[in-house]
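What follows is each chain in one-letter form.
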Amino acid sequence: FMEVLAYIKVGFYKETDLSVCIPKILIGGVSECADRYSFYLDPVEAKEEEKSFIAGNMEGIGAGLEINKDGGLKILNIYERSPAEKAGLKENDVIIALSADIAKPVDDWTDLRKIPLDQAVKLIRGAKGTQVNLLVLRDGKQEKISVIRDKFNIEFLKSKIIKEKIGYIKILAFGGEVSDQFYKAMQVLDKDGAQSIIIDLRNNGGGKLDSVINMCSWFSKTKLPYTAILYTKDRNGPAKDSTVTGLSVGKFKDKKIVVLQNGNSASASEIFSGYLMSEADAIIVGEKSFGKGI
């Protein structure tokens, strides 16, 4: 417990009063003390989270989830051939409660609007073959949906030529080996004659920072073999820059880029679109992004 407090005291982006923080942690977890993006994983959970996100092999319902601003968990993505897809869940559904017994009155279900994100996700995930009943808010109406959990694979990236000289790349999340896959996809589209690339980041909630930094560097307009992608600043010192060096810097700088985004494009997605807009003359099309700017 003291180790967790020390991380918050030293590492959180703003100064925190621990005398106020401790009761909040005891009641609602780390996210109540810090912010809704902060939560605690024990060493086993942390290792499993990293392993599953890097490999793209997961177990659960097969949906990408994000905090809904009005409470509950919004579904960003339904992964192909996943239990969520089979059960009829849809993007932008909001999961507000769950129960192991679908016959229970809704008032007796576990209300996910009252618990931190990490705890809610743990309840939704589960072992292969088990059932979870979800109360979903869709178009203003509540609906009960039963899902049988299973193992599934996430395909983080898809690409194709959609018209002569126009390529299309969909990035579901910045997980797995997506940076390597993206580089190879760009090479293939280049070989196929694509001069303009549409990069689809709709419903992409983010992922690994090092992946997005590398991907940004390939569109840098610099003539040098290195480029600074972004600056980060904490409360303890001056800004630090994330610089990429190598032969691949500026590799695709001559391509015309259009980025598609929506209100669920967050975190690493916003770094990617922001960099390409300001440094690579990309055009951003869609909606205002999520705004995960801390």
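Further up the page is the structure itself.
Residues numbered from 1 in each chain as written. Predicted model: local features only at pLDDT ≥ 70, side-chain atom pairs only at ≥ 80, totals over all residues. Heavy atoms only, no water.

**A short note on the environment of Asp281**
- Along the chain, Asp281 falls in the loop between α9 (268-279) and β15 (283-286).
- Relative accessible area serves as the criterion here: at 61%, Asp281 is assigned to the exposed category.
- For the pair Asp281 and Ala268, spaced 13 residues apart in the sequence, the C-alpha separation amounts to 19 Å.
- Contact partners of Asp281, with chain neighbours within four places excluded, come to Lys221 and Leu276. (Helix = DSSP H or I, 4+ residues; strand = E, 2+ residues; numbered from the N terminus. Buried < 20%, exposed > 50% of the residue type's maximum accessible area, 1.4 Å probe, protein only. Contact = heavy atoms within 4.5 Å.)

**Side note on the packing of aromatic side chains**
- A full pass over the atoms with the stated rule returns 10 aromatic pairs.
- When the centroid spacing of 5.8 Å and the interplanar angle of 25° are considered together, the rings of Tyr79 and Phe152 count as stacked. Taken together, the residues Tyr79 in the loop between β3 (73-78) and α5 (83-87) and Phe152 in strand β8 (residues 150-153) connect sequence positions 73 residues apart. A single burial state applies to Tyr79 and to Phe152, both of which are buried.
- With a centroid separation of 4.8 Å and an interplanar angle of 70°, the aromatic rings of Tyr183 and Trp218 are classed as edge-to-face. Of this pair, Tyr183 sits in helix α7 (residues 178-191) while Trp218 is found in the loop between α8 (209-217) and β12 (226-232), placing the two residues 35 residues apart along the sequence. (Phe/Tyr/Trp six-rings, centres within 6.5 Å; stacked < 30°, edge-to-face > 60°.)

**Observations concerning the sheet that holds strand β9 (residues 157-163)**
- Taken together, five strands build an open sheet; the order of strands is β9-β10-β11-β14-β15 and the sheet is mixed. The outermost strands of the open sheet, each flanked by one partner alone, are β9 and β15. Ignoring which end each strand starts from, the neighbouring axes of this sheet average 20° apart.
- With six bridges connecting them, β9 and strand β10 (residues 166-171) associate as antiparallel partners. Across the sheet, the residue bridging to Leu157 is Ile171, located in β10.
- Contacting β9, β10 and β11 (196-200), α7 crosses the sheet at an angle of about 170° to β10.
- Against the sheet, α9 contacts β11, β14 (256-261) and β15, and its axis sits at roughly 145° relative to β14. (Pairing = 2+ DSSP bridges. Axes fitted to C-alpha atoms, helices over the stretch in contact; angles between N-to-C directions.)

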